[in-house]
Amino acid sequence: MSKREYFSLLPSVEEVLNNEDLKGIINDYPRDLLVEKTRFVIDDFRKIIVSSKVEELLDFELNIDIIVKNIIEEVKDEYELHLTKVINGTGVIIHTNLGRAPISETIKEDIWNRIGGYCNLEYDIQKGKRGLRYDHLENIIKKLTGAEDVLVVNNNAAAVLLVLSTLAKEKEVIVSRGELVEIGGSFRVPDVMEQGGAKLVEVGTTNKTHLRDYKNAINEQTAALMKVHTSNYKIMGFTKEVSLEELRVLADEVELPLIEDLGSGVFIDFSKYNLKYEPTVKNSIDKGVDIVTFSGDKILGGPQAGIIIGKSKYIKKMKENQLTRALRVDKLTIATLEATLRLYLDEQKAIENIPGLKMITMSEEELTNKADQLLDILNKLDLSDVEFNIEKGSSQVGGGALPLEYIDSKVINIKPKNISVNKLEEKLRLSKSHIIGRVYDDKYILDVRTIFENEFEIVAKEIVNIFN
Ligand SMILES: *Cc1c(COP(=O)(O)O)cnc(C)c1O
């Protein structure tokens, strides 16, 4: 065929839009988008003809079905929401790149019913007058932590910023050198201090800080003593940190507020579940910390939020700070956080229904059951180009919590026979269900701890698509 003949095979936009297959989806998408993509695809085919030699076009398939198929793909691609579900087979429970804390299924309908339309976000129904958005969270957080007062902002970085800007602007804050953490590259204690207008005074050394180091650094410019939970690393060996109890005594002597950035927001004593003890929020309040900050979407298991709790006299000042308006949370966050926190009124219920907690505390027996179940589904596929087996692995809490804690887990090792494990990783990641696994030691593995049971069949389906 000559190039001219190929060109003559290109349909007109009108012709394409009258195609039966396209008509089938015409009501599902904006007409302008269909027209735009039709022009785009026809033009794309034209360019191929223009830029190719006639010999190269011998295998070139050009008919209306192919064109329509391409258009439908383009349209779907553009219309699909970009934020999408993935399946987390990495074993990292609080995975910052994968949306941090998974949110409880049990609360979703309730949240939508309450706030989908209008709601009492800033309205006091009793009085028929303006109310405060923070009121919805106040009682529940007070009850769970024993704190006097509460303020919730956008995230924990914002919480720390607001605390420092309110209590220590143009003043000094004393922090141990062992606690100058960076979290995920975007939160660095020294930088947040600077943003908050506070001057950081580092004391002690990386591995050892003594009470006298804090004492010696105090002067008229000092506005607060601050402790930062080293939530993503641990200093081991010859170490010394000053306890909250000691800092409390010192803070009282010099009449300065004691601030603690806890990071993760733990409400449950993990040592009861054979895990290492991670300081709880209540522990800090009980030990007399004046202001504690933590995230809503790490171990707590809620939406992104920064929770500030502590003494009323300080929180009152924060509420009056202009910054609070810029850092405020919306109704979606408040509703999701309130509903998540309510689950904590019954610890068993929290562990059962908040996915992150359930994954952290999962017993070996549960993990074995999960792995057996998934393996069984995969083996039943009866695929000849791939093998599966269960191995021991280790999960991580992640998200700056239980820093060195690798918890024993069960993983499925998937061994493809004709493609590399890296290729398999890519295919599963780019599949419709976006399965994210781990490649190490030239193995491809899926950690069953972070995969929900109702996702097992989906994993199987994508594996069939690859190996069938
Ligand atoms: C995670 C973390 C932060 C930052 O919290 P975001 O909610 O991500 O803003 C701050 N401090 C500590 C100690 C943390 O672990």
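As the structure is a computational prediction, the values presented were derived from the model and not from experiment.

Draft legend 1. Highlighting the overall build of the protein chain. Of the regular secondary structure elements, the protein chain holds 20 helices and 17 strands. Counting only C-alpha atoms, the protein chain reaches 95 × 55 × 45 Å along its principal axes. When the accessible surface of the protein chain is totalled, it reaches about 24,300 Å², and 47% of it is carbon and sulfur. Side-chain charges of the protein chain comprise 63 positive and 77 negative groups, with the mean position of each set lying 5 Å from the other.

Draft legend 2. Representation of the layout of surface pockets in the model. In this model, the second largest pocket occupies a volume close to 640 Å³. Within the residue set of the lining of the second largest pocket, elements represented by two or more residues are strand S9 (222–228), helix H11 (244–254) and helix H12 (281–286). Counted by class, the lining of the second largest pocket contains 8 nonpolar, 11 polar and 10 charged residues.

Draft legend 3. Just the sheet that holds strand S12 (residues 306–310), in detail. Spatial ordering of the open sheet is given by S4-S12-S11-S10-S9-S5-S8, a layout of 7 strands whose pairing is mixed. Looking at strand neighbours, the two that pair on one side only are strand S4 (149–153) and strand S8 (199–203), the edges of this open sheet. Adjacent strand axes in the sheet meet at a mean angle of 25°, parallel and antiparallel pairs treated alike. Bridging between strand S5 (residues 172–176) and S9 involves 3 bridges; their strand directions are parallel.

Draft legend 4. Region of the structure containing helix H15 (residues 331–343). For H15, built from 13 residues, the straight-helix expectation of 18 Å at 1.5 Å per residue is met to within 8% by its first-to-last C-alpha distance of 19 Å. Among all positions in H15, only Thr333, Ile334, Ala335, Thr336, Leu337, Ala339, Thr340, Leu341 and Leu343 are buried. Contacts made by the buried residues of H15 are with helix H6 (108–115), helix H7 (135–145), S4, S12 and helix H16 (347–353).

Draft legend 5. Molecular detail of the domain arrangement of the protein chain. Structurally, the protein chain comprises domain 1 (3–79), domain 2 (87–94 + 359–467) and domain 3 (105–353). Relative placement of domain 2 and domain 3: their C-alpha centres are 34 Å apart.

Draft legend 6. Region of the structure containing the pairing of strand S10 (residues 258–263). With respect to burial, S10 is a largely interior element, 6 of its 6 residues being buried. What you see with S10 is no split at all: Leu258, Glu260 and Leu262 on one side and Ile259, Asp261 and Gly263 on the other are buried throughout. Inspection of the sheet shows S9 paired to S10 by 4 bridges, in the parallel sense. Looking at S10, one finds that Val228 is bridged to Asp261. Handedness of the S10-H12-strand S11 (residues 291–295) crossover: right-handed.

Draft legend 7. Quick look at the side chain of Ser284. You can see Ser284 is positioned in helix H12. Look past the residues within four positions of Ser284 in its chain and what remains in contact with it is Leu244, Glu260, Leu262, Val289 and Val292.

Draft legend 8. Layout of the nonpolar core. One finds Ile308, Ile309, Leu341 and Tyr344 to be the most contacted residues of the largest nonpolar core, which totals 89 residues. Among the elements that make up this core, the one with the highest residue count is helix H8 (residues 156–167) (8 residues). Contacts of Ile308, omitting those with residues within four sequence positions, involve Asp149, Val150, Leu151, Val153, Ala159, Leu162, Val163, Ile291, Val292, Thr293, Ile315 and Met318. If you look at the next biggest cluster of nonpolar residues, it comprises 26 residues, including Ala371, Val386, Tyr444 and Ala460.

Draft legend 9. Just the pattern of salt bridges, in detail. As enumerated under the stated definition, the model contains 35 salt bridges in all. One network of salt bridges, with partners in common, ties together Glu122, Arg130, Arg133 and Arg328.

Draft legend 10. Summary view of the packing of aromatic side chains. For the structure on display, the rule yields 5 aromatic pairs. Centre to centre, the rings of Phe45 and Phe60 are 5.9 Å apart; their planes meet at 40°, and the pair counts as tilted. Within this pair, whereas Phe45 is found in helix H4 (residues 31–51), its partner Phe60 is found in the loop between H4 and helix H5 (64–79), the two being separated by 15 residues in sequence. The same class applies to Phe45 and to Phe60, which are both buried. One aromatic cluster is present, built from ring pairs that chain together Tyr6, Phe45 and Phe60. The ring of Phe40 carries the charged tip of Lys37 above its face, separated from the ring centre by 5.5 Å.

Draft legend 11. Summary view of the packing of H6 against H15. In contact at an axis separation of 10 Å, H6 and H15 are set at 140° when each is read in the N-to-C sense. Between H6 and H15, the interaxial angle falls into the category oblique. Between H6 and H15 the crossing geometry is right-handed. On H15, the residues touching Ile111, Trp112 and Ile115 of H6 are Lys331, Leu332, Ala335, Thr336 and Ala339. For the contact of H6 with H15, the residue count by class is 6 nonpolar, 1 polar and 1 charged.

Draft legend 12. Examining the environment of Ser51 more closely. Assignment of secondary structure puts Ser51 in helix H4. Given the relative accessible area of 60%, Ser51 is considered exposed.

Draft legend 13. Quick look at unusual backbone geometry. Residues other than glycine seldom take positive phi values, yet Glu255 does so here, at roughly 55°. With respect to the helices and strands, Glu255 occurs in the loop between H11 and S10. Note on Glu255: relative accessible area 71%, which makes it exposed. Even without being glycine, Asp441 reaches a positive phi, approximately 55°. Here Asp441 lies in the loop between strand S16 (438–440) and strand S17 (443–447).

Draft legend 14. Fine view of the packing of H4 against H5. Where H4 meets H5, the closest approach of the two axes is 9 Å, and the angle between their N-to-C directions is 130°. The angle between H4 and H5 falls in the class oblique. Crossing geometry of H4 relative to H5 is assigned as right-handed. Residues Leu33, Leu34, Glu36, Lys37, Thr38, Phe40, Val41, Ile42 and Phe45 of H4 form the contact with H5, whose own contacting residues are Ile66, Ile67, Asn70, Ile71, Glu74, Val75, Glu78 and Tyr79. Of the residues in the contact of H4 with H5, the class split is 11 nonpolar, 2 polar and 4 charged.

The rules we used
Along each chain, residue indices are assigned from 1 in the same order as the chain's sequence is written. Reporting in this predicted model follows two pLDDT cut-offs: at least 70 for local features of residues, and 80 or more for side-chain atom pairs to be given and counted; totals over whole chains, interfaces and linings ignore these cut-offs and use all residues. Just so you know, side-chain values use all the structure's heavy atoms and leave hydrogens and water out. Secondary structure counts use DSSP, requiring at least four H or I residues in a row for a helix and at least two E residues in a row for a strand, with both numbered from the N terminus. Computed with a 1.4 Å probe, the accessible areas rest on the Shrake-Rupley method; for each residue, only the protein chains presented here act as cover. Note on charges: Lys and Arg go in the positive column, Asp and Glu in the negative column, and His and the chain ends are not counted at all. Where a charge sits is defined by one atom per residue type, namely NZ (Lys), CZ (Arg), CG (Asp) or CD (Glu). The rule is simple: put a 1 Å grid over the protein atoms alone, call a set of points where a 1.4 Å probe fits but cannot get out a cavity, call an open set with protein on both sides within 12 Å along at least five of seven lines a pocket, and count a residue as lining if it has an atom within 4 Å of a point. Grid points are joined across faces, edges and corners, and a volume is the space filled by probe spheres set on the points. Gly counts as polar in this scheme, as do all residues outside two lists: the nonpolar Ala, Val, Leu, Ile, Met, Phe, Trp, Tyr, Cys and Pro, and the charged Asp, Glu, Lys and Arg. Note on pairing: two strands pair once DSSP finds at least 2 bridges between them. Axis definition: a line fit to C-alpha positions, over the contact stretch in the case of helices; interaxial angles, taken between N-to-C directions, run 0 to 180 degrees. Every helix has an expected span of 1.5 Å times one less than the residues it contains. A 1.4 Å probe rolled over the protein chains alone gives each residue an accessible area, and that area as a share of the maximum for its type sets the label: buried under 20%, exposed over 50%, partly exposed in between. Only heavy atoms enter the contact rule, under which two residues are in contact if any of them lie within 4.5 Å. Per the annotation, domain bounds derive from an automatic or database assignment of domains. We call a crossover right-handed when, viewed with both strands directed away from the observer, the connection leading from the first strand over the helix to the second proceeds clockwise. Buried Ala, Val, Leu, Ile, Met, Phe, Trp, Tyr and Cys residues that are joined via side-chain atoms within 4.5 Å together make up what is termed a nonpolar core. Criterion for a salt bridge: a side-chain nitrogen of Lys or Arg within 4 Å of a carboxyl oxygen of Asp or Glu. The criterion for an aromatic pair is that two Phe, Tyr or Trp rings (for Trp, the six-membered ring) have centres within 6.5 Å, with stacked assigned to planes under 30 degrees apart, edge-to-face to planes over 60 apart and tilted to the rest. Both a distance and an angle decide whether a charge sits over a ring: NZ of Lys or CZ of Arg must be within 6 Å of the ring centre and within 35 degrees of the ring normal. By definition in this entry, angles of less than 35 degrees are roughly parallel, angles greater than 145 are roughly antiparallel, angles of 65 to 115 are roughly perpendicular, and the rest are oblique. Handedness of a helix crossing follows the sense of rotation of the near helix relative to the far helix, less than a right angle counterclockwise being left-handed and clockwise being right-handed.

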